Amino acid sequence: MPEYKTEPFIVPSISGLLPVSERNRRVALTSYDARERKVQVPTREVVCYECGRRSHVPAAALSANCIHCHAHLNMTDVELKPGSRRLTVRTLGNVTVLADAVLSHLSIVCRNLNLEGRASGSFRCSGSLIVACSTRVEGSIEAADLVVNKGVNLILSQGACVQNATIHGRVTGRVSAKGSVHILRGGELCGDCTASNVQVEQGGAHLGNWVRPNDIG
């Protein structure tokens, strides 16, 4: 029986005998770089409302999971209407309490909170808390910026801890600010204030004690 020998497997290779145009075409076909087709997805930085740590999520996402504590993060905007039975809101988006609403026992964690209606409860905002309607807040307030609009009478039962405060209307209660408290013309703060700086424009008033953080022993 004759000896069987297999033919060697020959891998085609680019030969210098090929025309330059054909050689370049084959090189281009075999030089695919996956990085050239990688799509860069826009992201934004968020702060987890459970663990307080920062992470990046797709800018268009409506929800995500924290990469640190794996908590589910809602990122949609929320509107609370008159008669709403929703008392607890956790979102990285914005919350608006619509005009004519009278809501109490709320627990809201969000980016920006706009109180166009009367609302009471505990509010924690990583951005601004804008009070556009007279109300009494029985719970605690934490925000980067507290803005009290002109003509508004805000009563703080447990005070407010903020970065900065801008007062156009009347605030009754204790305000603690890491930065500054600015009382504009027609504005009034009736209560003690802890802040690095307090600015009272002509026509504004502060009725209470002012303590700088460094003065607290």
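First things first, this report covers the structure right here in the doc. Predicted model only: the values in this text are computed from it and were never measured.

Across its full length, the chain carries one helix and 23 strands. When burial is assessed residue by residue, the chain has 33% of its 217 residues classed as buried. Considering only contacts within the chain whose residues lie at least 6 apart along the sequence, 4% involve residues at least 24 apart. Of the accessible surface of the chain, which amounts to about 13,600 Å², a share of 51% is contributed by carbon and sulfur atoms.

The next thing to look at is the pattern of salt bridges. This model, assessed by the stated rule, comprises three salt bridges. As a salt-bridge pair, E45 and R54 come within 3.2 Å of each other at their nearest N and O atoms. When its relative accessible area of 44% is taken as the criterion, E45 is described as partly exposed. Assessed through its relative accessible area of 53%, R54 is described here as exposed. Linking R170 and E188 is a salt bridge whose minimum nitrogen-to-oxygen distance equals 2.2 Å. Highlighted residues: R170 in strand β16 (residues 170-172) and E188 in strand β19 (residues 188-190), separated in sequence by 18 residues. With a relative accessible area of 36%, R170 lands in the partly exposed category.

This brings us to the sheet that holds strand β12 (residues 135-137). In a beta sheet, neighbouring strands pair by backbone hydrogen bonds and run either parallel or antiparallel. Taken in spatial order, the five strands make up an open sheet running β12-β14-β16-β19-β22, and their pairing is parallel. One side of each edge strand has no neighbouring strand; the edge strands of this open sheet are β12 and β22 (205-207). Along the sheet, successive strands turn relative to each other by an average axial angle of 10°, direction set aside. Bridge analysis of β12 against strand β14 (residues 153-156) gives three bridges, and the strand direction is parallel. Considered in β14, the bridge of R136 is made with I155.

This next bit is on unusual backbone geometry. The backbone of H70 sits at a positive phi, close to 65°, despite the residue not being glycine. Tracing the backbone shows H70 in the loop between β3 (63-65) and β4 (72-74).

With that out of the way, let us pick up the environment of I183. Tracing the chain through its elements places I183 in strand β18 (residues 180-183). In the structure, I183 is positioned 13 residues away from R170 in sequence and 9.4 Å away in space, judged by C-alpha atoms. Look past the residues within four positions of I183 in its chain and what remains in contact with it is I167, E188, L189, Q199, V200, E201, G204, A205 and H206.

Glancing now at the pairing of strand β1 (residues 43-47). Two elements, β1 and strand β2 (residues 54-58), share five bridges in a ladder whose sense is antiparallel. Its bridge partner being in β2, V47 is matched across the sheet by R54. In this structure, the hairpin formed by β1 and β2 is closed by a connection of six residues, where G52 is found at a positive phi of approximately 80°.

Criteria and cut-off values
Residues numbered from 1 in each chain as written. Predicted model: local features only at pLDDT ≥ 70, side-chain atom pairs only at ≥ 80, totals over all residues. Heavy atoms only, no water. Helix = DSSP H or I, 4+ residues; strand = E, 2+ residues; numbered from the N terminus. Buried < 20%, exposed > 50% of the residue type's maximum accessible area, 1.4 Å probe, protein only. Contact = heavy atoms within 4.5 Å. Areas by Shrake-Rupley, 256 points an atom, 1.4 Å probe, with all protein chains shown as cover. Salt bridge = Lys/Arg side-chain N within 4 Å of Asp/Glu carboxyl O. Pairing = 2+ DSSP bridges. Axes fitted to C-alpha atoms, helices over the stretch in contact; angles between N-to-C directions.

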